[in-house]
Amino acid sequence: MYDCAYCGGTLTRRRWHSSTKYSKTIWQCVTSTKKGKKFCPHSKGIPEEAIEKAFLESYRIMCNNNKDVLEEFLQRMEEALSSNTIHKEIAKIEKEIQGLENKKNKLVDMILENIIDKDTHEDKYNSLMQEINEKVQTREKSLSNLEEEKDIKKRLLAFKKVLEQNEVIDTFDRYVFESVVDKVIVGGVDEEGNKDPAMITFVYKTGLSNSIFLLR
Ligand SMILES: [Zn+2]
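Residues numbered from 1 in each chain as written. Predicted model: local features only at pLDDT ≥ 70, side-chain atom pairs only at ≥ 80, totals over all residues. Heavy atoms only, no water.

1. As for the confidence of the model for the protein chain
Link 1 in the chain: For the protein chain, mean pLDDT is 88; residues scoring 70 or higher make up 99% of the total.
Link 2 in the chain: Predicted confidence in the protein chain is weakest over helix H3 (residues 67-82), with a mean pLDDT of 78, and strongest over strand S1 (residues 2-4), with 97. (pLDDT = per-residue confidence, 0-100. Helix = DSSP H or I, 4+ residues; strand = E, 2+ residues; numbered from the N terminus.)

Set out below in structure tokens:
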């Protein structure tokens, strides 16, 4: 999601002075840190905090200039999240679990009626139990996905409201950030053709983008 403007490589998240009170999270070009500075000489590490602040500024500009595009995009995301895919998935798994439980009950009848012997019964019982356990686990996972979707939906709706009321956002929300931003390009070239490593371009999932110049 984070790309270097100069070499096209990705950026990596690193902690500086992690044991001191001066600890900072920095995003750096992988080419520069792994291969050497000379392979990407213009890139510079940018504090995560600065990128988050830049995002808020970029988003504010985006909301002012392209309100319609953004609203339409949020609307689409919201609709995608309301889709019944997960609900259908859960209903299907529940039906399958019920089917397996029925089979398990029938096994008991079969042994009572002497249709199968004890060993066959045990084998079948064990494999059925294994199948049931697997399905139960899948159901748990789907249920937690559903909760997650609900949470994202709530945040998007809250954000849409902020947008509609033209409020200024002052706290960074990673969910919102990741929902609306496709790519962050760190570094760039200013209007005069100078390389500016503290320029950050946000490419939104709407296809629109804008650049923020960090103060140094
Ligand atoms: Zn680079």
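2. A few points about the coordination of the zinc ion
Link 1 in the chain: Protein-derived coordination of the zinc ion comes from Cys-4 (SG), Cys-7 (SG), Cys-29 (SG) and Cys-40 (SG), at a distance range of 2.3 Å.
Link 2 in the chain: Coordination at the zinc ion comes from four donor atoms whose angles at the metal span 99 to 117°, giving a geometry best classed as tetrahedral.
Link 3 in the chain: When the donors of the zinc ion are listed by position in the chain, the intervening gaps give C-x2-C-x21-C-x10-C. Within this pair, whereas Cys-29 is found in strand S3 (residues 24-29), its partner Cys-40 is found in the loop between helix H1 (30-35) and strand S4 (46-47), the two being separated by eleven residues in sequence.
Link 4 in the chain: According to the relative accessible area criterion, Cys-40 is buried, its value standing at 2%. (Donors = N, O, S within 2.8 Å, 3.2 Å for Na, K, Ca; no water. Tetrahedral: all angles 85-135°; square planar, octahedral: opposite > 155°, others 65-115°. Buried < 20%, exposed > 50% of the residue type's maximum accessible area, 1.4 Å probe, protein only.)

3. Points about the nonpolar core
Link 1 in the chain: Formed by 35 residues in total, the largest nonpolar core has its most connected members in Ile-51, Phe-55, Tyr-59, Val-184 and Phe-202.
Link 2 in the chain: Here the element with the most residues in this core is helix H2 (residues 48-65); it accounts for seven residues.
Link 3 in the chain: The residues touching Tyr-59, leaving out its near neighbours within four places in the chain, are Leu-70, Leu-74, Phe-159, Leu-163, Ile-169, Val-180 and Tyr-204.
Link 4 in the chain: In this structure, Leu-100, Ile-116, Leu-128 and Ile-132 belong to the second largest nonpolar core, which totals five residues. (Core = buried A, V, L, I, M, F, W, Y, C linked by side-chain atoms within 4.5 Å. Contact = heavy atoms within 4.5 Å.)

4. Some words on the sheet that holds strand S2 (residues 11-16)
Link 1 in the chain: Spatially, S2-S3-S4 is the arrangement adopted by the three strands of the open sheet, whose pairing is antiparallel. Two strands close off the open sheet at either side, each with one partner strand: S2 and S4.
Link 2 in the chain: Of the strand pairs in this sheet, S2 and S3 are connected by six bridges, and their pairing is antiparallel. From the neighbouring strand, Arg-13 faces S3, where its bridge partner is Trp-27. (Pairing = 2+ DSSP bridges.)

5. Quick word on the domain arrangement of the protein chain
Link 1 in the chain: Entries for the protein chain in the domain assignment read domain 1 (2-76 + 159-213) and domain 2 (85-156).
Link 2 in the chain: Look at where the C-alpha atoms of domain 1 and domain 2 centre, and you get two points 44 Å apart.
Link 3 in the chain: Contacts between the two partners involve seven residues from domain 1, matched on the other side by five residues from domain 2.
Link 4 in the chain: Across the interface of domain 1 and domain 2, roughly 570 Å² is buried in total on both sides, 59% from carbon and sulfur atoms.
Link 5 in the chain: Between the two partners, domain 1 and domain 2, sit zero salt bridges.
Link 6 in the chain: Connecting domain 1 to domain 2 are zero residue pairs in polar contact (both at pLDDT 80 or more).
Link 7 in the chain: Broken down by secondary-structure element, the contributors of at least two residues to the side of domain 1 that touches domain 2 are helix H5 (118-164) and helix H6 (174-180).
Link 8 in the chain: Here the side of domain 1 that touches domain 2 gets three residues from one element, more than from any other, and that element is H6. (Domains from an automatic or database assignment. Buried area = accessible area lost by both parts, 1.4 Å probe. Salt bridge = Lys/Arg side-chain N within 4 Å of Asp/Glu carboxyl O. Polar contact = N/O pair within 3.5 Å; in protein donor to acceptor, adjacent residues only side chain to side chain.)

6. Remarks on the environment of Ile-111
Link 1 in the chain: Its location among the elements puts Ile-111 in helix H4 (residues 85-112).
Link 2 in the chain: Note on Ile-111: relative accessible area 25%, which makes it partly exposed.
Link 3 in the chain: Here the alpha-carbon distance between Ile-111 and His-121, two residues ten residues apart in the chain, equals 7.0 Å.
Link 4 in the chain: Apart from residues lying up to four places away in sequence, Ile-111 is in contact with Ile-116, Asp-117, Lys-118 and His-121.

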